[in-house]
Every structure is written in C-alpha cells, then in structure tokens.
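Below, each chain spelled out in residue letters.
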Amino acid sequence: MLTGVTRLISRVPKLDPGHVLRMGTRASHGLAARQDSPVPAERLRAVSRTSEADPAKHEEQHEGQHYSIPLQDVKAVFPHGLPPRFVKQVKTFNEACLMVRKPALELLHYLRNTNFAHPAVRYLLYGEKGTGKTLSLCHGIHFCAKQDWLILHVPDAHRWVKNCRDLLQSTYNRQRFDQPLEASTWLKHFRTANERFLSQIKIQEKYVWNKRESTEKGSPLGAVVEQGVTRVRNATDAVGIVLRELKRQSSLGIFHLLVAVDGVNALWGRTTLKREDKSPIAPEELALIYNLRKMVQNDWNGGAIVLTLSQTGSLFQPRKAYLPQELLGKEGFDALDPFIPILVSNYTPKEFESCMQYYLENSWLQHEQARTEEGKKELLFLSNSNPGQLERLCAYL
C-alpha cells in the first residue's frame, strides 16, 4: 500500500492538472451543492486563521490555525532561514502565515519556562522529510525575537560542508580551513537580525587581525562583525570571535541567547570537500563547524539551544532515515546527549483541513474539484498528510 502511495506521489508532477482530481458522480453532486450554498469567506478564515499574532500567547486553542507574521518582522527576524518554497508562497500571497502546530507549542512551552541560571537545554526537532521541522524552528525563533532574545541562527548547516566556493588554510590554526564567503554571508544576516545588540555588547579581549589592524578590548561586538563583512578574508575568524564572545557573556544577564541550528547532523557527517591532494576534509577541520560545535555544547547558561535534524542536503545517508541515532551517528548523538526530543509528524486531520482552507482562501487551489470532499480525500491520499508533499501537489492545481 505504501509503495503504491509513493509511486502515485512521484507521478503527480507529470500529470495534467486537469486530471489529478477525478470527476465522479458523487464529486459532481458535491460540487453542485457547493455552488448552490457557497461557504462564506469569513467562515473559511475562521477555520484556518487566528487573530493572535503574538507567538508568546499561542496555546492549545490555536493549534491548527495560521497566524500572520508582519512582513517587516520577516525581513528583520528571518533575513535567511525560511524554506525557499515558503518564501515563494510569501511573495505570492503577499503575507507570511505560519500554522500553529503541536511541536511548536511544545517548544514554546519549554522556552517560556527557561531557567537562565541553569545550563542551556538542548531541544531537538526531528521527523520524517517534509513534516515541517524548519517552520517549527522558525516559530520558536519568532517567539524569542519578540521576547528580545539575541538570535544566533544557522539556517542550513549542510551548506558549510559541501560545494564551498572558496576554501583557504586557516591563518589562526594551520590544521583547519576557512570558508570566507560562507562566513561573510552569515555575518551579514546575523547583523541584520541582531543590530540592536551589536553596540551594547563589548568584547572582552583585544583581537589582532594583521600587522596593521586590530580591534581593542571594550569595542562593540559590531566592530568585529564589520571586520568580517568588509575584510572577507577575516570573516571566518570574525565568526569564531562572535561565537566565543556570545558564549562567554551570555551568563552576564545583558541578553538572552538562542542558538538555532537547522540540519545539525551536518556537524558530524561527512563532507564533499577535498584538499589539493584529493583527500577528504573532515567536518572538524572546518573552522566554522569547529566553532559551531562549541556553541551547541550545554556548558553555558543564559539561553537555549534549538536544533533540527534534516534529511534535505544530508550527505551519504539513507533517504528514509530520520531518527536521531540514524542521522547523528554515535559521535553526534553522544555529543548532543542529553537533549529533549520533539517529534514533528504529518498533519493531523484538523491541520490538513486548515491547510486546505488556507489554500482555498488565497485562491492557491484553482481546480474545481479542490472544494469537494472527494477532491480533498484524493489529496489526503496522495500526500499521506505530509505538509511538504501536500504543498507540492497543490502547486499544480
């Protein structure tokens, strides 16, 4: 049965949109009934939306409903990190709406009750491909941003272990490699999301960049960020300094720190990068990965660590692997243990109905059968209630 479903799903993009939803006798009666008694738009909105836009106030009664993130918040909080297909949807609908889901509610409950005097707790979002782990992480990031936390967000750690355009031997440690372009890009996004903190936080050491340039002790953290952005060759070292200073100062009470890493399994997997002699480079030999591993250790306090496991972009792993032991391996699992696992599953019936109503409300579903019960049942069957598969199926309708 599952094999048949998979085969159907894989064929859907090749089908003509007019034939994805079949026209049967029962379906035609359902369509006629809908035309005679159309569902008011405000009723659809009541099913699919909540007016509560503050993630700090999201509770169980909001589960399965979409809340709107102001577009100015999207630019400030998520200069990077939103899934590409979700970004396209935001541009198409001219609004950013996230569904309030049970895994995110569980995460928000933990974050609300964070004890900043205790070591940072690690939360690990995991689940099958396409279930919405990244968007659940983004819900948590939005909550922390609205609570005025400093956000240290790495949106796709897999990008740091494959297809790097520039790879230089580190000047700080000859046994490691710098990735200046990746580091500079990350610093620009970090600056956008945390600009208000960069002048408040003062560095606790003097950092020498070369014979002529240095950043004095007591300078704002923003000076280190600017050094990495304007002097790309120094960007990797600048990232390491930023992470070190944040980890060291998080316990002072000046700020609360959220470390959010999407695809954390990349930190212990294999890379596609090679030396000049074609020998492979291990993840810990990359300075960015080496420093990020330190940030996900729970030997600091004053914040929280939220991580996701990702099959997308994961290297040399079975496609269906999703459990922490499978994707992290023994070394990664031992490094993150203990952590609180949060399973992100496929849509519940309520969430599926809400998603369908949201698509109908925004005219994303144009096919005449999409409003019928038969049409919904077919989409439910083809997608198996998987959020990612449902979104792709609906894109053709």
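Treat the numbers as computed from the prediction; the structure is a model and nothing was measured.

A few words on the overall build of the protein. Along its length, the protein carries 17 helices and eleven strands. Taking all 397 residues of the protein together, 50% fall into the buried category.

Next up on the list: the packing of helix α15 (residues 349–361) against helix α17 (residues 387–394). The geometry of α15 relative to α17 is characterised by a closest axis approach of 12 Å and an angle of 25 degrees between their N-to-C directions. With respect to α17, the axis of α15 lies roughly parallel. Where α15 crosses over α17, the handedness of that crossing is right-handed. Facing α15, whose interface residues are Phe352, Cys355, Met356 and Tyr359, α17 presents Leu390, Glu391 and Cys394. For the contact of α15 with α17, the per-class residue count stands at six nonpolar, no polar and one charged.

The next subject is unusual backbone geometry. Residue Pro338 is reached from Asp337 by a cis peptide bond, and omega for that bond is 5 degrees. Take Pro338: it is sitting in the loop between α14 (324–336) and β11 (340–343). One non-glycine residue, Asp148, adopts positive backbone phi at about 70 degrees. Inspection of the secondary structure assignment puts Asp148 in the loop between α8 (133–146) and β4 (150–154).

Looking now at the sheet that holds β11. Hydrogen bonds between backbone groups are what pair the strands of a sheet, and the pairing can be parallel or antiparallel. Read from one edge to the other, the open sheet built from five strands follows the order β4-β9-β10-β3-β11, with strand pairing classed as parallel. The open sheet has two edge strands with one neighbour each: β4 and β11. Each adjacent strand pair in this sheet contributes to an overall mean axis angle of 15 degrees, direction not counted. With four bridges joining them, strand β3 (residues 121–126) and β11 adopt parallel strand pairing. Pairing of Tyr123 across the sheet is with Ile340, part of β11. Against the sheet, helix α13 (residues 287–295) engages β4, β9 (257–262) and β10 (303–308), with an angle of about 130 degrees to β9.

With that settled, the discussion passes to the confidence of the model for the protein. Parts of the prediction with low pLDDT should not have their coordinates interpreted in detail. Of the residues in the protein, 88% reach a pLDDT of 70 or more, and the chain-wide mean stands at 88. The low-confidence segment residues 1–41 (pLDDT under 50) makes 47 contacts with residues lying over four places distant or belonging to another chain.

Attention shifts here to empty space enclosed by the protein. Considering all chains together, one arrives at two cavities of 30 Å³ or more under this definition. Looking at the largest cavity, its volume works out to about 70 Å³. Lining the largest cavity, in full, are Val77, Pro79, His80, Ile151, His153, Trp186, His189, Phe190, Ala193 and Asn194. Elements with a contribution of two residues or more to the lining of the largest cavity: β4 and α9 (180–193). It is α9 that provides the largest number of residues to the lining of the largest cavity, a total of four residues. Residues of the lining of the largest cavity, tallied by class, amount to six nonpolar, four polar and no charged. Lining the second largest cavity we find Leu152, Val154, Trp160, Trp186, Val239, Leu243, Leu288 and Leu292. Of all the secondary structure elements, the ones that give two or more residues to the lining of the second largest cavity are β4, α12 (235–249) and α13. Among the residues forming the lining of the second largest cavity, the class breakdown is eight nonpolar, no polar and no charged.

The subject of this paragraph is the nonpolar core. Most often, soluble globular proteins have nonpolar side chains that are buried together. Within the largest apolar cluster, 58 residues are counted, with the highest numbers of intra-cluster contacts made by Trp186, Leu187, Leu246, Leu257, Val261, Val264 and Val296. Ranked by the residues each element gives to this core, the list is headed by α12, at seven residues. Every residue in contact with Val261, bar those within four places of it in the chain, is listed here: Leu137, Val154, Ala157, Leu292, Val296, Val306, Leu307 and Thr308. Grouped together as the second largest cluster of nonpolar side chains are 31 residues, Leu82, Leu125, Cys138 and Leu258 included.

Turning our eyes to something else, we now look at the layout of surface pockets. Approximately 600 Å³ is the volume attributed to the second largest pocket. Taken together, 27 residues form the lining of the second largest pocket, with Tyr172, Asp237, Gly240, Ile241 and Arg244 sitting closest to its centre. Of all elements in the fold, only β5 (168–169), β7 (207–208), α12 and α13 reach the threshold of two or more residues within the lining of the second largest pocket. With seven residues, α12 is the single largest residue contributor to the lining of the second largest pocket. A per-class count over the lining of the second largest pocket returns eleven nonpolar, eight polar and eight charged.

Our focus in this paragraph is the pairing of β9. Of all six residues in β9, six are buried; the element is thus mostly enclosed. Alternating residues of β9 divide into Leu257, Val259 and Val261 and Leu258, Ala260 and Asp262, and every residue in both groups is buried. The pairing of β9 with β10 spans six bridges and is parallel. Paired with Leu257 across the strands is Gly303, a residue of β10. Handedness of the β-α-β unit built from β9, α13 and β10 comes out right-handed.

A few words on the side chain of His62. In this structure, His62 sits in the loop between α4 (41–48) and β1 (66–69). Residue His62 is classed as buried on the basis of its relative accessible area, which comes to 11%.

Here is what the cut-offs are and how they apply
- Residues numbered from 1 in each chain as written.
- Predicted model: local features only at pLDDT ≥ 70, side-chain atom pairs only at ≥ 80, totals over all residues.
- Heavy atoms only, no water.
- Helix = DSSP H or I, 4+ residues; strand = E, 2+ residues; numbered from the N terminus.
- Buried < 20%, exposed > 50% of the residue type's maximum accessible area, 1.4 Å probe, protein only.
- Axes fitted to C-alpha atoms, helices over the stretch in contact; angles between N-to-C directions.
- Parallel < 35°, antiparallel > 145°, perpendicular 65-115°, else oblique.
- Left-handed = near helix turned anticlockwise from the far one by under 90°.
- Contact = heavy atoms within 4.5 Å.
- Nonpolar A, V, L, I, M, F, W, Y, C, P; charged D, E, K, R; others polar.
- Pairing = 2+ DSSP bridges.
- pLDDT = per-residue confidence, 0-100.
- 1 Å grid on protein atoms, 1.4 Å probe; cavity = no way out; pocket = protein on both sides within 12 Å on 5 of 7 lines; lining within 4 Å.
- Points joined across faces, edges and corners; volume = space filled by probe spheres on them.
- Core = buried A, V, L, I, M, F, W, Y, C linked by side-chain atoms within 4.5 Å.
- Right-handed = clockwise from strand over helix to strand, strands pointing away.

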